Amino acid sequence: GENVEQHPSTLSVQEGDSAVIKCTYSDSASNYFPWYKQELGKGPQLIIDIRSNVGEKKDQRIAVTLNKTAKHFSLHITETQPEDSAVYFCAASRGGNNRLAFGKGNQVVVIP
Amino acid sequence: GAVVSQHPSRVICKSGTSVKIECRSLDFQATTMFWYRQFPKQSLMLMATSNEGSKATYEQGVEKDKFLINHASLTLSTLTVTSAHPEDSSFYICSAEEYRGSSNQPQHFGDGTRLSIL
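This report concerns the structure included in the present document.

1. Structural notes on the sheet that holds strand S8 (residues 76-81) of chain B
All names here are of chain B.
No. 1: Taken in spatial order, the 4 strands make up an open sheet running S1-S3-S8-S7, and their pairing is antiparallel. In this open sheet, the two strands that pair with only one neighbour each are strand S1 (4-7) and strand S7 (67-73). Taken over all neighbouring pairs, the strand axes of this sheet differ in orientation by 15° on average, direction set aside.
No. 2: In this structure, strand S3 (residues 19-25) lies alongside S8, joined through 6 bridges in antiparallel fashion. Within the sheet, the bridge partner assigned to cysteine 23 lies in S8 and is serine 77.

Here is the structure:
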């Protein structure tokens, strides 16, 4: 089955700086890659997703890039703010029953 | 849009009690819903996939008689933890796939249910 690796496990950044989280996946048939943000005591919130037919997608301060050849995708957060502090999960799916394989999560801490 | 409501948010009960958790898609139809379990500081572990009008598909190692799933309508799925014991204490989260006529549509998550068995 699909195996998603996520690095680093913890990331601290100064407010205003950029944060980058990288994920790798093992199944070359995976074609859908969402990113979720989870705040303490809440469920994951979908923040951005990308499909395998595009290499980059941007939504305001958030962007995701996909390299199908290398089988990795990254989340970029620019101009970080304290409210960006949370756990971020990447995931991958190959369609069909749409089962998502999640990475282990990344704790992002934005220091004011 | 794409709101998933999960209820209750917190349950504390005695060992041996059965607990029902509801997951509703409020503003979209969901032919498929998923149930996850999450331990502290860990990732989400898929327990089962629930399709409207059919039996749920359970992941390996998940007891289907212990975790009963019903998906009776396009907007509601329920998870019942039967005869709960302390080891069933966990954070249970549902998600609903926003149906748009093809596969690989976004999954939207509820805010989870914190289950504590005494």
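That shown, we press on.
2. Description of the environment of Ser43(B)
No. 1: With respect to the helices, strands and loops of the structure, Ser43(B) is situated in the loop between strand S4 (32-38) and strand S5 (44-51).
No. 2: When its relative accessible area of 18% is taken as the criterion, Ser43(B) is described as buried.
No. 3: Spatially, the C-alpha atoms of Ser43(B) and Lys55(B) are 26 Å apart, while their sequence positions differ by 12 residues.
No. 4: A polar contact is formed between the side chain of Ser43(B) and the backbone oxygen of Gly103(A), at a distance of 2.7 Å.

3. Some details on the packing of aromatic side chains
Given two aromatic rings, one states the distance between the centres and the angle between the planes to describe the pair.
No. 1: Applying the stated criterion to the full structure yields 11 aromatic pairs over all chains.
No. 2: Plain terms: the ring middles of Tyr36(A) and Phe109(B) are 5.0 Å apart, the flat faces sit at 85° to each other, and that makes the pair edge-to-face. Taken together, the positions of Tyr36(A) in strand S4 (residues 32-38) and Phe109(B) in strand S10 (residues 107-109) put the pair across two chains. For the pair Tyr36(A) and Phe109(B), a shared accessibility class is recorded, and that class is buried.
No. 3: Ring centres 6.2 Å apart and planes at 45° place the aromatic pair Phe67(B) and Tyr92(B) in the tilted group. Of this pair, Phe67(B) sits in strand S7 while Tyr92(B) sits in strand S9 (residues 90-97); the two residues are 25 residues apart in sequence, bridging distant segments of the chain.
No. 4: For Tyr92(B), a relative accessible area of 0% gives the class buried.

4. Quick look at the interface of chain A and chain B
One frequently used descriptor of interface size is the decrease in accessible area upon assembly of the parts.
No. 1: Each partner contributes to the interface: chain A provides 23 residues, whereas chain B provides 21 residues.
No. 2: At the surface where chain A touches chain B, the tally comes to 1 salt bridge.
No. 3: For Glu59(B), the salt bridge identified is with Arg99(A), shortest N-O distance 2.4 Å.
No. 4: Remark: the boundary between chain A and chain B carries 5 residue pairs in polar contact (both at pLDDT 80 or more).
No. 5: Counting only elements with at least two residues in the side of chain A that touches chain B, the list comes to S4 and strand S5 (45-51) of chain A.
No. 6: The residue inventory of the side of chain A that touches chain B, partitioned by class, reads 7 nonpolar, 10 polar and 6 charged.

5. Observations concerning the pairing of strand S11 (residues 106-111) of chain A
Residues and elements named next belong to chain A.
No. 1: Side chains of S11 alternate between two faces, with Asn106, Val108 and Val110 buried and Gln107, Val109 and Ile111 left unburied.
No. 2: Strand direction decides the pairing type here: strand S2 (residues 10-14) and S11, joined by 5 bridges, are parallel. Bridged to leucine 11 within S11 is valine 108.
No. 3: Of the pairings in the sheet, the one linking strand S9 (residues 86-92) to S11 comprises 3 bridges and is antiparallel in character. Across the sheet, tyrosine 88 pairs through a bridge with asparagine 106, a residue of S11.

6. Quick look at the sheet that holds strand S1 (residues 4-7) of chain A
All names here are of chain A.
No. 1: Taken in spatial order, the 5 strands of this open sheet run S1-S3-S8-S7-S6, and their pairing is antiparallel. Each edge of the open sheet carries a strand with a single partner, namely S1 and strand S6 (56-59). Going from strand to strand, the sheet's axes swing by 15° on average, the running direction of each strand aside.
No. 2: Both strand S7 (residues 62-67) and strand S8 (residues 72-77) contribute to a ladder of 6 bridges, which runs antiparallel. Opposite isoleucine 62, over in S8, you have isoleucine 77 as the bridge partner.

Scoring rules and cut-offs
Residues numbered from 1 in each chain as written. Chains lettered and ligands numbered in written order. Predicted model: local features only at pLDDT ≥ 70, side-chain atom pairs only at ≥ 80, totals over all residues. Heavy atoms only, no water. Pairing = 2+ DSSP bridges. Helix = DSSP H or I, 4+ residues; strand = E, 2+ residues; numbered from the N terminus. Axes fitted to C-alpha atoms, helices over the stretch in contact; angles between N-to-C directions. Buried < 20%, exposed > 50% of the residue type's maximum accessible area, 1.4 Å probe, protein only. Polar contact = N/O pair within 3.5 Å; in protein donor to acceptor, adjacent residues only side chain to side chain. Phe/Tyr/Trp six-rings, centres within 6.5 Å; stacked < 30°, edge-to-face > 60°. Contact = heavy atoms within 4.5 Å. Salt bridge = Lys/Arg side-chain N within 4 Å of Asp/Glu carboxyl O. Nonpolar A, V, L, I, M, F, W, Y, C, P; charged D, E, K, R; others polar.

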